[in-house]
Every structure is written in C-alpha cells, then in structure tokens.
Amino acid sequence: MTRKTCILILGMHRSGTSALARLCALAGARLPEQVIQSHEGNAAGHWESQRLVNFHQSFLESLGQSWDDFRPLDITEAQREAYLERFEYITRRDYGDADLIVMKEPRTARFAALTMTALEGMGYRVCPVHALRHPLEVARSLKVRNDTPPALAGLVWLRHVIDVETALSDRDHYIVEYDRVIGDAANVARHLFSH
C-alpha cells in the first residue's frame, strides 16, 4: 500500500509559496477542493485552501493575533488539541483520499510543528519545503499590497522564518529561494519530486 504524501509549503507571505504550490499541482499533486480565488494582490492565483485560511485567521484571532503579528504564539494544551482536531477535519474535506497533496497557506508557518503533527497523525509522509525570499523584497511587496510599513514587514518576515526553521530543525527539508522558483522552476520541481 502506498503511503500518502503531503508536500507542505511553508513560508512568509509574498515569498513564492503560491508559485510553488501551482508548480507542485502541475506536476501531479492535488490542490485543495476549495481554493481561494485570485484577486488583485495575486492575479495568478493563491492555490491555497479557503477553509484553511478562514480557520487560521480565526485561530490567530482567538490568540489575540493576526497574520502580521510578530509576537511568538502562546498555545495552551486545550487550544493545541482543538487545532489538531479542526485541522484534520479541514484536510479531509479539502483532499479526500488523495495519495499526493500539496498544502500551502502562509499562516501555516506560524503553526508548522502542529501542522506536521496533525498530518503525520493522519498517516501522511510530510515533505516540508521552506519558501524563502529576501526580506527587503518581501517588504516592498507588502508595501504595495497592504501598505505595510517596512520595519513591520521585516519583523513579520523574521517571525515566520524563526517559526518555520525552529519547527524543521530536526527534519530533512528543502529550502527554495524565490528567484529559483521564478527562474528555474523545472529543476525545482525535479528536485521536489525526486524525494
């Protein structure tokens, strides 16, 4: 029996996570059933679960935070269990019984360890990919999209990178820089799907 696999794309907003998710989908990984619609901020599409976005936004709000908060998360055991239960429900709704899925939603970076625990509990082999872009480029992009002050964008970028790399510190994972996703997509896909 083939083990289910999840290509888990983690990274800060505006770091190429959407392009990576689309690349994985073109190579055969299943996208979520209900993807966010494209809009002015990302005309090519986000390729992420609307359900997961809604859940992460409400979960962050329950913790007194938002997507652009740079404070560390303080999650109780009860909140942890609630996260795992809801995440599993959403994943089953979004992907059904697909053997190879791609999951991307930038807020997942804040919950990377919990997300991997949930996926592994569901029987997935998790293949983490950290999408990384220079913080000044991210800041410029967020300034255009959200009018985010550069200093705040830098702090949010740092929070996402710390959370992702802390969660992945004892795991094999693949770091993909933004320029490679845009300029060398074929080789990025080849590497992702050879492991």
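Residues numbered from 1 in each chain as written. Predicted model: local features only at pLDDT ≥ 70, side-chain atom pairs only at ≥ 80, totals over all residues. Heavy atoms only, no water.

K.L.:
How would you explain the nonpolar core if you had to name every residue and give the values?
P.N.:
By size, the foremost hydrophobic cluster in this structure holds 28 residues, and its most contacted members are Leu8, Phe87, Met103 and Leu119. Only β1 (4–11), α2 (50–62), α3 (77–95), β2 (100–104), α4 (112–121), β3 (124–132) and α6 (150–167) provide two or more residues apiece to this core. In this structure, Phe87 is in contact with Leu52, Phe55, Met103, Thr115, Ala118 and Leu119, ignoring residues within four places of it in sequence. Residues Leu23, Ala25, Leu31 and Val102 belong to the second largest nonpolar core, which totals 18 residues. (Core = buried A, V, L, I, M, F, W, Y, C linked by side-chain atoms within 4.5 Å. Buried < 20%, exposed > 50% of the residue type's maximum accessible area, 1.4 Å probe, protein only. Helix = DSSP H or I, 4+ residues; strand = E, 2+ residues; numbered from the N terminus. Contact = heavy atoms within 4.5 Å.)

K.L.:
Summarise helix α1 (residues 17–26); cite the residues concerned and give the values.
P.N.:
The element α1 is largely enclosed, with a buried count of 7 among its 10 residues. Of all the residues in α1, the buried ones are Thr17, Ser18, Leu20, Ala21, Leu23, Cys24 and Ala25. Here the buried face of α1 lies against β1, β2, β3, β4 (174–177), α7 (178–183) and α8 (185–192). Directly after α1, the chain includes Gly28, whose backbone phi takes a positive value near 120 degrees.

K.L.:
Describe the environment of Asp184, with residues and values.
P.N.:
Along the chain, the position of Asp184 falls in the loop between α7 and α8. Each C-alpha atom, one on Asp184 and one on Ala78, is 43 Å from the other, the two residues being 106 residues apart in sequence.

K.L.:
Pulling in residues and values, what's your account of the pattern of salt bridges?
P.N.:
Per the stated rule, a full pass over the model turns up 14 salt bridges. For Arg80, the salt bridge identified is with Glu77, shortest N-O distance 4.0 Å. Linking Arg80 with Glu77, this pair stays in helix α3, spanning 3 residues, or about one helical turn. Note that Asp163 and Arg159 form a salt bridge whose closest N and O atoms lie 3.2 Å from each other. With Asp163 and Arg159 both in helix α6 and 4 residues apart, this pair spans about one turn of that helix. Across the pair, Arg159 and Asp163 agree in class, each one buried. Taken together, the shared-partner salt bridges in this structure form one network comprising Glu33, Arg51 and Asp94. (Salt bridge = Lys/Arg side-chain N within 4 Å of Asp/Glu carboxyl O.)

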